[in-house]
Every structure is written in C-alpha cells, then in structure tokens.
Amino acid sequence: MSATWVELTQGYCPAYSPFLGFMGVAAAIVFSAAGAGYGTAKSGIGITGAGTFRPSIIMRALIPVIMAGIIAVYGLVASVLISGDMDPKNKYSLFSGCIHLASGLCVGMTGLAAGWCIGIVGDMGVRGFAKEPRLFVGMVLILIFAEVLGLYGLIVSLILNTKASNTLCT
Amino acid sequence: MPRTKAKPTAAATTAHASAANKATATSKGRGNRTHRLPGAPDSAEASSQEEEEDVQPANTPQIPGNVIRKLLAFSLLLLVLPILAYFGSLKYLFVGSTASSAIVAVIVANFVLAAYVYAAWVEDASEHAAHPSSTGKLKRR
C-alpha cells in the first residue's frame, strides 16, 4: 500500500476527492434545511398572527409549513443519494467528487431559495387568507410555484449524480 | 364597537363551556370573538366561567383534538414515507438505479402534500356546511 505523492495528489483520483464528495452531501442537507427552517419560521409568524383572531383556519394555514418540510425532504433524499455512492473500498475520482459537490450545491441552494420564498409568501398569504377566504387557491398556487424551484434543483442534482464515474482510476 | 358584543359573547362562551371541549373550540373561534385576543382578560367572562364550571380553565388550547391528530398523522407520514419509498424502490423496484428511486421518493412526498391539501379543503367544506354564517368574511367594521 505504498502510494506515491504524485498518486495521492495528482491525476484522476487524488486522495482529497472524497472531501468534495462529502461537502456535497453536507451542502445538500444543510442549505435545504436552512431554507426549510426559514420557511417554517416566517410562515409560522403569519399563522400565529392569523390564528389569534381566526383559529378555524389553522389546518389550512399550515400548508406552507408542510411545503417547507418537503423542501427539507428534497435535501435529505439528495444527500442520501450522494452518500450512497461513496465507499472507502472503491476508488473515488476527482470527477465524481466535483459532480457530487455540484449535485449537493444544486439541491441545497435551490432549496434555500424555495424555502425563503415559501416563508415570505406563506406569512403574508396566511394573514390575507384569514381575512379573505377566497385567497386560498391563489396562495396555494404561489406556494406550489415556489416549491417547484426546489424540485428543479433536485432534478438537476439527480441528473448530475448519474454521471459520476470512477472508471478512470487505476 | 366591540364593547356591545361583550355581554352576548360572555353568555355564549359560558353556554359553550358546559359542552365538550372539542365543540367549543371551533365555535368559539368563529365570528363571536373575532376582535378579542385570547390573552386579553375579560373580567365578566372569567368570573362567570369560574363560577359556573371548572371544566375549562382560562388557557386550555383552543384547537380541537381531531385537528391535532390529523396534523400529527401527516407529519409522521411526511417524515417516514419518502425515505421508505426511496429505500424500498431501490431494493425491490429499480435495483441499483438511485435516480429512479429518488424520483419515486419525490413523487411520494408530493402525494403526502396533495393529501394534506385535500384533507384541509374537505375540512373547510364540512365546516362551511355545518356553520354557513360564521365562516364568512369578517365585515364587522
């Protein structure tokens, strides 16, 4: 098991490429959870405000919270997917490392954007919905479009992940 | 303008206080007490409540039990089903193809969301049927 300095640091499969892969795993869940947390918190403010004078709408007003949870599920699925490809027994190429980093960042940052949007729209949407019940369909449509942003990030992340290959490692 | 409502709401709430907990929560929140924060002390209501019954102290949660059960059920479903779908389809359906399993997990998660929106919508419709006047818009200004 005598790896030379050149083998370890240069070529297609250097020793630091798993770092990039695991940063991808971390980025996927960390950023999407951050977005989901902001979405839950901000829409929770609106739900609490609206629920004090209209408690009967609470079940419908929790829809932004469920959608923010789904953004976190996207990040979770992506990070499980990426970490499933990593195995210390196999060679791991720099190409796979970069792909996994890109994959994690895609789903993470788009999840951040989607969660941010769900938070702001959920907050004001629930407050308006408490006063005007016909706003419900409009609010749900805007929330669906916000969540689809996270879905696009997950789709790109999945497509990237299928391209990872370690065949060039000796 | 809210002052004229103090007496009838006090009577309404004491009448409801003797009923079951679940029934009072939704009917209290609708229409009658729209301009009063739950934390605001109302001496007439508090004293009459304490005189009549000990069933409902001043700060019991105003959410009916079935709403909390539904919420818990959906939260557990959202937690468990997508991951189960991912690993299940990875093992049995598409052996080794992780991308397809992830797509299945995403579809399952969106199904849970659609089921929640449907359940909330149906609950709204049944409330409308039961209390047509009190779930209307707030126009008391």
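Bear in mind that the values here come from a model prediction, so they are computed numbers and not experimental data.

1. Section: the nonpolar core
Core analysis: the largest hydrophobic core is formed by 49 residues, its most contacted members being Ile63, Tyr74, Ile118, Leu143 and Leu154 of chain A together with Tyr116 of chain B. Sorting the residues of this core by element identifies helix H2 (17-53), helix H3 (58-61), helix H4 (63-84), helix H5 (94-131) and helix H6 (136-161) of chain A together with helix H4 (65-93) and helix H5 (98-130) of chain B as the ones contributing at least two each. The greatest single-element share of this core, amounting to 11 residues, is contributed by H4 of chain A. Setting aside residues up to four positions removed in sequence, leucine 143 of chain A forms contacts with Ile63, Pro64, Met67, Ile118, Val121 and Gly122 of chain A.

2. Description of the UniProt feature "transmembrane region" (unreviewed entry) in chain A
All names here are of chain A. UniProt's feature table lists "transmembrane region" (unreviewed entry) at residues 20-41, 61-82, 94-122 and 134-160, given in the numbering used throughout. Between the first and last C-alpha atoms of residues 20-41 the distance is 31 Å; the span itself is 100% helix and 0% strand. Structurally, residues 94-122 is divided into 100% helix and 0% strand, and its ends, taken at the C-alpha atoms, are 41 Å apart.

3. Things to note about the UniProt feature "domain: V-ATPase proteolipid subunit C-like" (unreviewed entry) in chain A
Residue and element names in this part refer to chain A. As annotated in UniProt, the feature "domain: V-ATPase proteolipid subunit C-like" (unreviewed entry) corresponds to residues 23-82 and 101-160 in the numbering used here. Between the end C-alpha atoms of residues 23-82 there is a gap of 10 Å, over a span that is 92% helix and 0% strand. A distance of 10 Å separates the end C-alpha atoms of residues 101-160, which is 93% helix and 0% strand.

4. Some words on the UniProt feature "transmembrane region" (unreviewed entry) in chain B
The sites that UniProt annotates as "transmembrane region" (unreviewed entry) are residues 71-94 and 100-121 of chain B. For residues 71-94 of chain B, helix accounts for 96% and strand for 0%, while the C-alpha atoms at its two ends are 32 Å apart.

5. Focus: the environment of tyrosine 38 of chain A
Residues and elements named next belong to chain A. Of note, tyrosine 38 is situated in helix H2. Separated by 79 residues in sequence, tyrosine 38 and cysteine 117 have C-alpha atoms that sit 9.2 Å apart. Excluding residues within four positions of it along the chain, tyrosine 38 makes contact with Gly115, Trp116, Gly119 and Ile120.

6. A short note on the packing of aromatic side chains
Summed over the entire model, instances satisfying the criterion amount to five aromatic pairs over all chains. Pairing phenylalanine 74 of chain B with tyrosine 116 of chain B gives two aromatic rings, centres 5.2 Å apart and planes at 90°, and the pair type is edge-to-face. Within this pair, whereas phenylalanine 74 of chain B is found in helix H4, its partner tyrosine 116 of chain B is found in helix H5, the two being separated by 42 residues in sequence. A single burial state applies to phenylalanine 74 of chain B and to tyrosine 116 of chain B, both of which are buried. Through successive ring pairs, a cluster of aromatic residues spans Phe129 and Phe136 of chain A together with Trp121 of chain B.

7. Observations regarding the interface of chain B and chain A
Frequently, the measure chosen for interface size is the accessible area that the parts lose on association. Facing the 35 residues of chain B at the interface are 33 residues of chain A. Taken together, the links from chain B to chain A amount to zero salt bridges. Run the count over chain B and chain A and you get two residue pairs in polar contact (both at pLDDT 80 or more). At the level of elements, H4 and H5 of chain B are the ones that each hand at least two residues to the side of chain B that touches chain A. Tallying contributions element by element places H5 of chain B first for the side of chain B that touches chain A, with 16 residues. For the side of chain B that touches chain A, the residue count by class is 22 nonpolar, six polar and seven charged.

Thresholds, definitions, all that
Residues numbered from 1 in each chain as written. Chains lettered and ligands numbered in written order. Predicted model: local features only at pLDDT ≥ 70, side-chain atom pairs only at ≥ 80, totals over all residues. Heavy atoms only, no water. Core = buried A, V, L, I, M, F, W, Y, C linked by side-chain atoms within 4.5 Å. Buried < 20%, exposed > 50% of the residue type's maximum accessible area, 1.4 Å probe, protein only. Helix = DSSP H or I, 4+ residues; strand = E, 2+ residues; numbered from the N terminus. Contact = heavy atoms within 4.5 Å. UniProt positions renumbered as here; feature names shortened; annotations may be inferred. Phe/Tyr/Trp six-rings, centres within 6.5 Å; stacked < 30°, edge-to-face > 60°. Salt bridge = Lys/Arg side-chain N within 4 Å of Asp/Glu carboxyl O. Polar contact = N/O pair within 3.5 Å; in protein donor to acceptor, adjacent residues only side chain to side chain. Nonpolar A, V, L, I, M, F, W, Y, C, P; charged D, E, K, R; others polar.

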